[in-house]
Amino acid sequence: MKTGLIRIKPKLTYLQTFLNRIFPVQCLICKRVAVFSTFICRDCFYELEIFLDTPVSFKYEENPFIHQVLCAYWFTPGLQVLAHHLKYKQADYIGRWLGERVGMLTKDSDFSLAAVIIPVPLHPKRKRVRGYNQSEQIAMGISRIWGVPVVSDLTFRRVHTSTQTRLNREERQKNISGIFEIRKGKTIPESCVIVDDIFTTGATTCELARVLHTVGVKDIRIITLGTPFTHEGIKFEPGIDG
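## Some remarks on the sheet that holds strand β1 (residues 50–53)
Within the open sheet, the 5 strands sit side by side as β1-β2-β7-β6-β3. Their pairing is mixed. Of all strands in the sheet, those with a lone pairing partner are β1 and β3 (116–119), marking the two edges. Looking at each pair of strands side by side, their axes are set apart by 20° on average, direction ignored. As paired strands, strand β6 (residues 191–198) and strand β7 (residues 219–227) are joined by 7 bridges and run parallel to one another. Within β7, the position partnered with Val195 by the bridge is Ile223. Contacts from helix α4 (residues 92–106) reach β1, β2 (68–74) and β7 within the one sheet, and its direction differs from that of β2 by about 120°. Across the face of the sheet, helix α6 (residues 134–146) comes into contact with β3, β6 and β7 while running at roughly 130° to β6.

In structure tokens, the structure reads:
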């Protein structure tokens, strides 16, 4: 299913429009002139494939404390390009822009009724290198549409893990176990939506959900930008899902 069925047009300021006419910007995906937005052309935007379903790698029976998992898009080459720039090219605005798209796609769902939005936290070391948390940028975009607050200081990542790119499901689970903690003295919400960028095996988001469940969060849902057709054999760049 194509995004052409849902007409969401980014808004450009008069100054942006003027500058784009003088200095045309390229679409990050196809390298043609990006007249639709400052980083993506109309064709590539409408070729992002909407998924809006539970990823194939997630099993509800193994995670009974999670009410629902939803991935907005298939992790196609186009979305991979955007994710790469979001994580490695200082393009934090792409996260907020994509977050708004996810928010529009889900604004009438039970997800938008959550008390808070919780982005998967980065370890401080990795956040210093990157300059921001990409999941938090996505969460901010979703928040603009839903009107639900983003809470980034409830949880923290106490262990700096190595990249999970080349790990299988069991290795990922072992690598991620026990890395999240709840900050003392924080108010525990009744419900939350955990936000991340890419859902592969779900080891990271499910571990965070488990920790939130142990402190009393009753309604836990997970939403991500994308998921691959299958987590077996897909080639990610180092750190693309961490």
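Next, the rest of the story.
## Some remarks on the pattern of salt bridges
Under the definition given, this model contains 11 salt bridges. The partner of Arg158 in a salt bridge is Glu181, with the nearest N and O atoms 3.1 Å apart. Here the residue Arg158 occupies a position in the loop between β4 (155–157) and α7 (169–176), and Glu181 occupies one in strand β5 (residues 180–182), the gap between them amounting to 23 residues. Look at Glu181 and you get partly exposed, because its relative accessible area is 33%.

About the thresholds
- Residues numbered from 1 in each chain as written.
- Predicted model: local features only at pLDDT ≥ 70, side-chain atom pairs only at ≥ 80, totals over all residues.
- Heavy atoms only, no water.
- Pairing = 2+ DSSP bridges.
- Helix = DSSP H or I, 4+ residues; strand = E, 2+ residues; numbered from the N terminus.
- Axes fitted to C-alpha atoms, helices over the stretch in contact; angles between N-to-C directions.
- Contact = heavy atoms within 4.5 Å.
- Salt bridge = Lys/Arg side-chain N within 4 Å of Asp/Glu carboxyl O.
- Buried < 20%, exposed > 50% of the residue type's maximum accessible area, 1.4 Å probe, protein only.

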